[in-house]
Number of protein chains: 2
Amino acid sequence: MATLRDIGLSAAVNIFGALIFFVAFAVLRLQPFNDRVYFPKWYLKGLRSDPTNSGTFVSKFVNLDFRSYLRFLNWMPAALKMPEPELIDHAGLDSAVYLRIYLMGLKVFVPVTFLAWAILVPVNWTNNTIELAKLKDVTASDIDKLSISNVPLGSPRFWAHILVAYAFTFWTCYVLLKEYEKVASMRYQFLASERRRPDQFSVLVRNVPPDPDESVSELVEHFFLVNHPDHYLTHQVVYNANKLADLVNKKKSMQNWLDYYQLKYSRNNSKRPMRKIGFLGLCGEKVDALEYYTSEIEKTSEEIATERERVASDSKSIMPAAFVSFKTRWAAAVCAQTQQSRNPTLWLTDWAPEPRDVYWPNLAIPYVSVSVRRLIMGVAFFFLTFFFMIPITIVQSLASIEGIEKVLPFLKTVIELKVIKSLIGGVLPGLALKLFLIFLPSILMLMAKFEGFISLSSLERRSASKYYIFNLVNTFLASVIIGTALDQLKSFINQSPTQIPKTIGLAIPQRATFFITYIMVDGWAGVAGEILMLKPLIIYHLKNTFLVKTEKDREEAMDPGSIGFNTGEPQIQLYFLLGLVYAAVTPILLPFIIVFFGLAFIVYRHQIINVYNQEYESAAAFWPEVHGRVIVALVISQMLLLGLLATKHAAQSTPFLIALPILTIAFHKYCQGRYEPAFVRYPLQEAMMKDTLERARDPNLNLKAYLQNAYLHPVFKSVDEEDDEDKNSLDEKLDNECVLVPTKRQSRKNTPIPSKVSATSSPSPPEVDDKSRP
Amino acid sequence: MATLRDIGLSAAVNIFGALIFFVAFAVLRLQPFNDRVYFPKWYLKGLRSDPTNSGTFVSKFVNLDFRSYLRFLNWMPAALKMPEPELIDHAGLDSAVYLRIYLMGLKVFVPVTFLAWAILVPVNWTNNTIELAKLKDVTASDIDKLSISNVPLGSPRFWAHILVAYAFTFWTCYVLLKEYEKVASMRYQFLASERRRPDQFSVLVRNVPPDPDESVSELVEHFFLVNHPDHYLTHQVVYNANKLADLVNKKKSMQNWLDYYQLKYSRNNSKRPMRKIGFLGLCGEKVDALEYYTSEIEKTSEEIATERERVASDSKSIMPAAFVSFKTRWAAAVCAQTQQSRNPTLWLTDWAPEPRDVYWPNLAIPYVSVSVRRLIMGVAFFFLTFFFMIPITIVQSLASIEGIEKVLPFLKTVIELKVIKSLIGGVLPGLALKLFLIFLPSILMLMAKFEGFISLSSLERRSASKYYIFNLVNTFLASVIIGTALDQLKSFINQSPTQIPKTIGLAIPQRATFFITYIMVDGWAGVAGEILMLKPLIIYHLKNTFLVKTEKDREEAMDPGSIGFNTGEPQIQLYFLLGLVYAAVTPILLPFIIVFFGLAFIVYRHQIINVYNQEYESAAAFWPEVHGRVIVALVISQMLLLGLLATKHAAQSTPFLIALPILTIAFHKYCQGRYEPAFVRYPLQEAMMKDTLERARDPNLNLKAYLQNAYLHPVFKSVDEEDDEDKNSLDEKLDNECVLVPTKRQSRKNTPIPSKVSATSSPSPPEVDDKSRP
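In this text, all values refer to a predicted model and were calculated from it rather than measured experimentally.

Engineer: Where do I start with the pattern of salt bridges in this structure?
Structural biologist: Between side chains of opposite charge, pairing is possible as soon as their charged atoms come close. All names here are of chain A. Per the stated rule, a full pass over the model turns up 40 salt bridges over all chains. Among the ionic pairs, Glu354 bridges to Arg197, the shortest N-O distance being 3.7 Å. Of this pair, Glu354 sits in the loop between strand S6 (348-351) and helix H16 (360-363) while Arg197 sits in the loop between helix H10 (158-193) and helix H11 (198-201), and the two are 157 residues apart along the sequence. The exposure class of Glu354 is buried, given its relative accessible area of 3%. When salt bridges with common partners are traced through the structure, they connect Arg196, Arg329, Asp691, Glu694 and Asp698 into a single cluster.

Structure, rendered in structure tokens:
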């Protein structure tokens, strides 16, 4: 049990750490040669030019304006300055709504904290249970004096906690309701004001039944001409171009190596670069690298051409799926939301994701196998959650000194050295676990991909929900009960349903200090570290040194990254859970949560404005899941309070506390009915309105030409580009029209006219302006 | 514990009871004066005329053909003779599919019984656990020798039970799958071959938002003209005519009384009938009954006219709901299955029920209150299920001798008589429970009505599902554990999830004899009693004696009743549950189940052919629930076997048994995805096909005229009839066109042309023909 002083010390350390990150960030971002790492979003928008191209030689790389260093926290107000509508324009609705999650955290917890400190802290503090216990040599700290542990058994003071729990629930639900309402209306407004996009008119049809007489393309056309006679416009079949995409990627990677060796050779003309052709260039025959890669690239180019030919001509590479486009949004909405055929597993229609959101490799998965894949992954995830400690324990035992000596006896003499020995003993076991946790999001993403989701947004949402469950079980529960998930599973199966909340509830107050430390390390220092962007910084400079030849290469070397919904959202949810669980139990934890939400809000707002490049726009489709998880956290907190009070001989309060989760779930049902359709369905009235407006505004629109190639596999487009840099006029026209759906390349080259709002108001923080014209 | 001989004796008694019912039925139904009670379906179809109108005086009332009495079981093969397609034509798809539930019972349990007797009975019988136990003075019977109780603890023979449990599961799932497939295809075929019906073109819109400038009718018209411009045809607003309907009913009941007194007076002209005008005619002033009712009827008629005026003119009696009709089935399918407005709680569209299926009083319930009503009823049902014993215990204690003496002291002398004393002691406590159970389906139906469902079919489905849960808890579980539901609830909350199946599983084999007796009393004798139709028989003859003046009155005195899905289906499900639970435990129970299913199949097939008059046609919309409940029974049986084997020291089998429910639930999910949409959604392809066909067949159809008054509240129609017996030509035309949607009256008066199949093949059992032309 830590005392208040320990906590204070720990807080000081973490605040100091966060400050160091901020200072480092302030120094690094002001250097012109890092400009592309810290402001990639503006480059992508075409609103910022490279400061290294102008000025004196030194000022190209180092910022010599000392005034700018003094105002090293200036980015914070700057990040808050951009108003929300402009932010939506600048970074999309997804990003703006993602920020609202942090804001919601503040909205929930600031009043909750005030109330808890105003009522619960005095109520808890003015008892002497802990002091009496101390007399009996029970270890306890000042923290416990502020917590519910200090209230004696069966005290009427518990009514205060119950009352406050009600207040917390009502307030949280109120905030949730308002946010749901707001986000739903933002979504509708966004959808209504959006420009024309191919996905508004298109539907993805899957499981087209095989027909011996007709090709998939003919079949699709006939089916929709018959069943949507007045509305069908055109369609594009889906090709299985996964092999082609692999080849293109291979060629690209070899092109990178070629560039690397060419650069190396041009810097040091005396020696032609060589490389081994075996595994990872580590073994095998040594050859001239330049010749080797040139010939390999040529070979791959030929393969690509052959494969392309095959994909286009071979009927087997056509999947039984198609993107079908309609004349109006109304018709697309109708088709996407109804069942087409008598057999509900054939002619499955659903909204087409926007083109850049499509995860093309999964379109080649036969739909029939999807349910089996989900079942398999469900079982796999269960084992991953509850049994992941088993392989790690095995690895840990192997990674022990004896294990290594056994497997690799020749290392014995090295290992026996004292320094190495203690290093292995101290670091290796933890390393295995840490490595696993680092790779976990990737593993979950792989699992989601295996399940066959066809859009990036749904992949991220899916792996976020898995990550959340994993966190709940292995971070929250395992930390509370101090045991592996497997132990919990065993005890949960063998305990009665009323015993479980008691067991956990009893442990909750004792773990408060642990979670406070956790919040400071993971929440404060972790978030402050995010802004430093160490990994992209290092990678950018490595690439810049070894690969970059042209300005275009430099553009490609930027890796702005994206919000990372699949890891970020579950992290926020963990804080919601901690905050709600401890609100009525140990209110001292709440200020730490508030600091996290505030800091994260500012940091992520800055990152979204200056760094992240959104990969897709789902118009906040994730909000129902965010809402649902906060409800889960709320119900968990209520159950645990119920369990805790049951152990405190306050049984008369049980009926009042049982009512809480029931009311909360009823509230959730209400919200689902009222707001969730806004995120799942598209009302015909809205579609009709947009159609009518467009018909009035643009009566001669050639929609067919606009939609013709919208859903072409990107690999065909990129191959086109490789082969022929200047594109045909139709493509050009298409690209100019569909400004919101550029391919990766285009968005970096010819950015369209910047949106009005962001162009007129200040596009970047002021001190940046100072520096870019020194 | 009963021995085999006890069971045999009980079986003999019940078989004898069933036989008596059958003989009584055979005798009663052959009497011409009962003809309308036992063959009302044929009268309703207009295919049978009254035998009392022809022949000699005696043969009008008593059947003197003695040969017909000898073949008193002839109705059984006759009931089986009608082929299924003809049955669908004759009684609708609902009835035909309802019979398939019994057939499915046979399909499941006949092979299961054979397998269980071939494998499990020998495996169980050849042990001596029970005999050893008997030596230790444990009471046990021969039944137990055949059950799993006879296998010693930890015996490897339990593998046989596990194997057989797998076989049962696979077989049951196979039958379920095939049935689902078959019923889904029957439904589609039925929908495709159906004649034109108003509900195919109509959608019920609820929660039309209030508008200060426009009436509901205008608003609906404008909204659908804008959002479904090419498809909208017409609409009918919904009136709150509940008060009007009450008045009409009141008038009808007084008309009945008037008829009764008139008949009485005409038989005995000497004395004018008098009645008291107070409560139920028991107290108050005595008046001339004929004059009283005539004046009352006049008064009510005036009230009806005023109220009718008010409903038609007052805008407050127009509900914010409307039946909207479209030009094509395609458009109706689109509108019913999509969201119309941005706010998902406004402009709610759903399929309109067919006109005779509409439960008009509930259309007046504001839709906003529906979710609150459901929540209230959910809580109420929870208390009804788990706490219903409390009021009954109170009533029972009041109904005891002391209780009565206390409340009604003047009865003391009567009660103290020995005969009465024993009667009260023996009968009254049971009576309270029995009365409650008799009224339970009505209570559940009232609850469903309160919840606001707007069609009779959904009301019946809802109360069936409630009745099933009540049965499961209070018949099955309470009989197994021998305790009230409240005790169970307490123990379930305080036991661990693994302990519950163990507790119940352990009790299962011991209760086999109880359930065998239950099956014989409730299943065998109960079903045999159903065919006798005692209640309708008595009521018909009472009405015939006191009310009937004209042939029309006699037609109205028939009460054919309907299948009673809300009570019948939960009963079947209880037998499925018993059969599946005991299949692997006490196989001797299975033959009793088979006899039930066989007998019930024949009896209900006979009733459906000859008696029941379907109130609505939902095209087997109930099948997903039937399927779901069998799956629940299957999972329960698997869990209980798991629990039972765990107590039998056969722990190594646990993993194999855990896999079973998981596989079963996965199978259920598959079925849901594959077949449930057939019962919920209407594919556009089907709609388009039917539209195209109709356009080709009937290009000049005036659909608007056809749909104009389809959804008029029946009270307006019946008022029309009362006022003016010959209807205007439009109405006449409508009625002739919509043959499948007649009002109650019309169906009895001018039955349309009988369907081809039933007219050409024998319409009634042969011995009936014998007798009707003696």
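Engineer: Is there a simple way to think about the nonpolar core in this case?
Structural biologist: One broad rule of soluble globular proteins: the nonpolar side chains tend to lie buried together. Counting residues in each nonpolar core, the largest one holds 274 residues, and the members touching the most others are A:Tyr102, A:Phe476, A:Trp623, B:Tyr102, B:Phe476 and B:Trp623. Counting 18 residues, the second-largest nonpolar core is a separate cluster that includes B:Val203, B:Phe223, B:Phe224 and B:Trp347.

Engineer: Please clarify how the packing of helix H25 (residues 512-532) of chain A against helix H28 (residues 565-583) of chain A should be interpreted in this entry.
Structural biologist: What describes two packed helices is the angle between their axes and the distance between those same axes. Residue and element names in this part refer to chain A. One way to put it is that H25 packs onto H28 with a least axis distance of 12 Å and a crossing angle of 150°. Viewed along their axes, H25 and H28 adopt a mutual orientation that is roughly antiparallel. Seen from above, H25 lies across H28 with left-handed handedness. From H25, Ala512, Phe515, Tyr518, Ile519, Asp522 and Gly523 reach across to H28, where they touch Gln571, Leu574, Tyr575, Leu578 and Tyr582. Classifying every residue of the contact of H25 with H28 gives 8 nonpolar, 2 polar and 1 charged.

Engineer: Can you help me understand the sheet that holds strand S5 (residues 318-326) of chain A in this one?
Structural biologist: Two orientations exist for strands paired in a sheet by backbone hydrogen bonds: parallel and antiparallel. All names here are of chain A. Read from one edge to the other, the open sheet built from 4 strands follows the order S2-S5-S1-S6, with strand pairing classed as antiparallel. Each of the sheet's edge strands pairs with one partner strand only, and the pair in question is strand S2 (232-239) and S6. Within the sheet, the average angular offset between the axes of one strand and its neighbour, ignoring direction, is 30°. Alignment of strand S1 (residues 202-206) against S5, held across 4 bridges, turns out to be antiparallel. Across the sheet, residue Ser202 finds its bridge partner in S5, namely Ser325. Strands S1, S5 and S6 of the sheet are contacted by helix H15 (residues 329-336), whose axis makes an angle of about 130° with S6.

Engineer: When you look at a positive patch on the surface in this model, what are you seeing that I'm missing?
Structural biologist: All names here are of chain A. On the surface, a cluster of positive charge is contributed by Lys264, Lys271, Lys276 and Lys286. With respect to the helices and strands, the residue Lys286 is situated in strand S4 (residues 286-288). Look at Lys286 and you get exposed, because its relative accessible area is 54%.

Engineer: Help me understand helix H22 (residues 456-481) of chain B, please; the structure alone is not making it clear to me.
Structural biologist: Each full turn of the α-helix corresponds to 3.6 residues, which orients residues three or four apart in the same direction. Residue and element names in this part refer to chain B. In this model, H22 (26 residues) spans 36 Å end to end at C-alpha, consistent with the 38 Å of a helix rising 1.5 Å per residue. The sharpest bend along H22 comes to roughly 30°, located at Asn471. Of all 26 residues in H22, 22 are buried; the element is thus mostly enclosed.

Engineer: How should I be thinking about the interface of chain A and chain B in this particular structure?
Structural biologist: Bring the parts together and some accessible area is lost; that lost area is often taken as the interface size. Counting from both sides, the interface comprises 37 residues of chain A and, opposite them, 37 residues of chain B. Each partner contributes to the roughly 3,300 Å² buried at the junction of chain A and chain B, and carbon and sulfur atoms together form 57% of this total. Among the residues of chain A in contact with chain B, A:Gln339, A:Arg342 and A:Gln685 are the three that bury the most area, contributing 20% of the side total. Where chain A touches chain B, the interface holds 2 salt bridges. Its salt-bridge partner being A:Arg342, residue B:Glu686 comes within 3.0 Å of it at the nearest N-O pair. The interface formed by chain A and chain B contains 14 residue pairs in polar contact (both at pLDDT 80 or more).

Engineer: Sorry if this is basic, but what is going on with the confidence of the model for chain A here?
Structural biologist: It should be kept in mind that the predicted coordinates are not to be read in detail where pLDDT is low. All names here are of chain A. Chain-level pLDDT for chain A is 78 on average; 82% of the residues reach the 70-or-more range. In the model, residues 722-774 has pLDDT below 50 throughout and makes 74 contacts with residues more than four positions away in sequence or in other chains. The ipTM, which scores confidence in the relative placement of chains, is 0.74 for this predicted complex, and the corresponding pTM is 0.78.

Procedures and definitions
Residues numbered from 1 in each chain as written. Chains lettered and ligands numbered in written order. Predicted model: local features only at pLDDT ≥ 70, side-chain atom pairs only at ≥ 80, totals over all residues. Heavy atoms only, no water. Salt bridge = Lys/Arg side-chain N within 4 Å of Asp/Glu carboxyl O. Helix = DSSP H or I, 4+ residues; strand = E, 2+ residues; numbered from the N terminus. Buried < 20%, exposed > 50% of the residue type's maximum accessible area, 1.4 Å probe, protein only. Core = buried A, V, L, I, M, F, W, Y, C linked by side-chain atoms within 4.5 Å. Axes fitted to C-alpha atoms, helices over the stretch in contact; angles between N-to-C directions. Parallel < 35°, antiparallel > 145°, perpendicular 65-115°, else oblique. Left-handed = near helix turned anticlockwise from the far one by under 90°. Contact = heavy atoms within 4.5 Å. Nonpolar A, V, L, I, M, F, W, Y, C, P; charged D, E, K, R; others polar. Pairing = 2+ DSSP bridges. Patch = residues over 30% accessible without salt bridge, like charges linked within 9 Å, V, L, I, M, F, W, Y side chains within 5 Å. Areas by Shrake-Rupley, 256 points an atom, 1.4 Å probe, with all protein chains shown as cover. Lys, Arg positive; Asp, Glu negative; His and termini not counted. Charge placed at Lys NZ, Arg CZ, Asp CG, Glu CD. Expected span 1.5 Å × (residues − 1). Bend = angle between axes of the 7 residues up to and from the residue. Buried area = accessible area lost by both parts, 1.4 Å probe. Polar contact = N/O pair within 3.5 Å; in protein donor to acceptor, adjacent residues only side chain to side chain. pLDDT = per-residue confidence, 0-100.

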